[in-house]
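The residues making up each chain are set out below.
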Protein chains: 4
Amino acid sequence: MTIGHNSGHGDFDDENGIEVTDDRLRLLIERIETLEEEKKGVNDDVREVYAEAKAVGYDVKIMRQIVRLRKMKPDDRREQDLVLETYRAALGMV
Amino acid sequence: MTIGHNSGHGDFDDENGIEVTDDRLRLLIERIETLEEEKKGVNDDVREVYAEAKAVGYDVKIMRQIVRLRKMKPDDRREQDLVLETYRAALGMV
Amino acid sequence: MTIGHNSGHGDFDDENGIEVTDDRLRLLIERIETLEEEKKGVNDDVREVYAEAKAVGYDVKIMRQIVRLRKMKPDDRREQDLVLETYRAALGMV
Amino acid sequence: MTIGHNSGHGDFDDENGIEVTDDRLRLLIERIETLEEEKKGVNDDVREVYAEAKAVGYDVKIMRQIVRLRKMKPDDRREQDLVLETYRAALGMV
DNA sequence: GAACTTATGTCGGTGC
DNA sequence: GCACCGACATAAGTTC
């Protein structure tokens, strides 16, 4: 059994048992792992900022909501508003 | 603005402003809401069982894995196991 | 190694290899699986209602939003509105 | 209503209505938003690597499992494997 | 490719 | 004070 289409790429040869590491796969995995570390770093930074905000008295939960709201494109936010109105009307909610 | 293509079905007439409630829509929504409540109930039951299992010493996370594994068709499970082993081997993970 | 605190409950005895099934664990798993099937049933019902609604011309996506909105307790919805206003003010958005 | 305990810090004064922008809050939010953008960038990179892997024939789902496994400390991994095997055995799953 | 479901991690609250 | 618990938030996987 081979992994992917890799046989013949010279990456390994498990018939002889000499080379058992699939370098292509390994490199891809390592690139992902590097990126995951970056991600972790950024996540830590975000957490720090929230901690700092909390320390000076802001409400973190509300801040998260704010960030989320600002992330929505204005159009989406408007559409959401519109849907709400339509639903209220159709279901008889004032 | 109407919801769906329903105008003319006699459900409401917002031109005259006499009937503003779309009963058909309301009923559909209510059926869904009833079902959603059932869902919530079942979810709570599941949580309870896991809590009970934990209380007598089982590892909940592993139990979830077991449930997932049992849900898969045996062939798929075997195949998945095999591929995973192959990749682990290819990366030199014991 | 034992699973949980179960040894001594007579559930199994892997020293003799006579009884290898942990009935307690099995029963818990089976209860979960039964509940999961119920869940699947209810999910299917929900899907059906949406299909029916779609068939008579309603917009399923919008209906889902409606259900979600109605699920929020009025207070929460009001609070969310309030947060939005507060944030707009505090950040100088008209 | 103020956000946080900030009044008196000179950031704004909503009694007079002269200054309505809470700069401290705004700056914190902006720092978070910048970090969120970085996060998005990294996430896109990760997705790209998986796409590349898929394009040359690797099984992305399994690769994710591998990444997850490698993230665990070797001891934890071994322990988890072991527990899982134990449970499978206890349930008679080959 | 969008949306729903499931899984995991984090956080604030609460009991021992 | 520490540990569990529920709520919330994010990420991953699955389905249509």
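Within any chain, residue numbers begin from 1 and follow the written order of that chain's sequence. Numbering of ligands from 1 and lettering of chains from A proceed in the order in which they are written. Local features in this predicted model are restricted to residues of pLDDT 70 or higher, and side-chain atom pairs are both shown and tallied only at a pLDDT of 80 or more, whereas totals for entire chains, interfaces and linings draw on every residue. The basis for every side-chain value is the complete set of non-hydrogen atoms in the structure, without hydrogens or water.

As named in an unreviewed UniProt entry, chain A is DUF2312 domain-containing protein, taken from Novosphingobium aureum.

Draft legend 1. Broad picture of the interface of chain C and chain B. Two residues qualify as a contact provided that any one of their heavy atoms is within 4.5 Å of a heavy atom in the partner residue. Counting residues at the interface gives 33 residues for chain C and 35 residues for chain B. Buried area: the sum, over both parts, of the accessible surface (1.4 Å probe) that disappears when the two are put together. Roughly 3200 Å² of surface becomes buried between chain C and chain B when both sides are summed, with 69% attributable to carbon and sulfur atoms. What counts as a salt bridge is simple: a side-chain nitrogen of Lys or Arg found within 4 Å of a carboxyl oxygen of Asp or Glu. Between the two partners, chain C and chain B, sit four salt bridges. The partner of Arg31(C) in a salt bridge is Glu52(B), with the nearest N and O atoms 3.1 Å apart. What qualifies as a polar contact is a pair of N or O atoms within 3.5 Å, subject to a donor-acceptor requirement within protein and to the restriction that residues adjacent in sequence count only when both atoms come from side chains. Viewed at the interface, chain B and chain C are joined by ten residue pairs in polar contact (both at pLDDT 80 or more). In DSSP terms, a helix is any run of H or I states spanning at least four residues, a strand is any run of E spanning at least two, and both are numbered starting from the N terminus. Listed by contribution, the elements that provide at least two residues to the side of chain C that touches chain B are helix H1 (23–55) and helix H2 (60–71) of chain C.

Draft legend 2. Structural detail: the interface of chain C and chain D. Each partner contributes residues to the interface: chain C has 13 residues there, and chain D has twelve residues. Summing both partners gives a buried area of about 1100 Å² for chain C against chain D, and 78% of it is carried by carbon and sulfur. Connecting chain C to chain D are zero salt bridges. On inspection of chain C and its partner chain D, the count reaches two residue pairs in polar contact (both at pLDDT 80 or more). Contributions of two or more residues to the side of chain C that touches chain D are made by H1 and helix H3 (74–90) of chain C.

Draft legend 3. Broad picture of the layout of surface pockets. If you add up the space inside the largest pocket, you get close to 930 Å³. As for the largest pocket, its lining consists of 25 residues, and the residues nearest its centre are Gln65(B), Leu84(B), Gln65(D), Leu69(D) and Leu84(D). Contributions of two or more residues to the lining of the largest pocket are made by helix H2 (60–71) and helix H3 (74–90) of chain B together with helix H2 (60–71) and helix H3 (74–90) of chain D. For the lining of the largest pocket, the leading source of residues is H3(D), giving eight residues. Residues are sorted three ways: Asp, Glu, Lys and Arg are charged, Ala, Val, Leu, Ile, Met, Phe, Trp, Tyr, Cys and Pro are nonpolar, and all the rest, Gly among them, are polar. Of the residues contributing to the lining of the largest pocket, the split by class is eight nonpolar, four polar and 13 charged. Cavities and pockets were defined on a 1 Å grid built over protein atoms only: a cavity is a set of grid points that admits a 1.4 Å probe from which the probe cannot escape, a pocket is an open set flanked by protein on both sides within 12 Å along at least five of seven lines, and lining residues are those with an atom within 4 Å of any such point. Grid points are joined across faces, edges and corners, and a volume is the space filled by probe spheres set on the points.

Draft legend 4. Quick look at the relation of the copies chain C and chain B. The superposition of copies rests on a least-squares fit of C-alpha positions from residues with pLDDT of 70 or more in both. Structural alignment of chain C on chain B gives an RMSD of 2.1 Å, achieved by rotating through 178° and translating 0.2 Å along the axis. The operation mapping one copy onto its partner corresponds to a two-fold rotation axis. Every residue of chain C has its C-alpha some distance from the rotation axis, and the shortest such distance is that of Lys39(C), at 3.0 Å. Both copies contact each other with a shared surface, as 100% of the interface residues of chain C are interface residues in chain B too.

Draft legend 5. Structural context of the protein's contact with DNA strand F. When we say a residue is near a molecule or strand, we mean one of its heavy atoms is within 4 Å of it. The local shell around DNA strand F consists of Lys61(A), Arg68(A), Lys54(B), Lys39(D), Lys61(D), Arg64(D) and Arg68(D). The sugar-phosphate share of atoms of DNA strand F within 4 Å of the protein amounts to 100%. In the model, a phosphate oxygen of DNA strand F is placed 3.2 Å from a nitrogen or oxygen of the Arg68(A) side chain. One of the side-chain N or O atoms of Lys61(D) is found 2.7 Å from a phosphate oxygen in DNA strand F. Elements with a minimum of two residues in the surface near DNA strand F: helix H2 (60–71) of chain A together with H2 of chain D.

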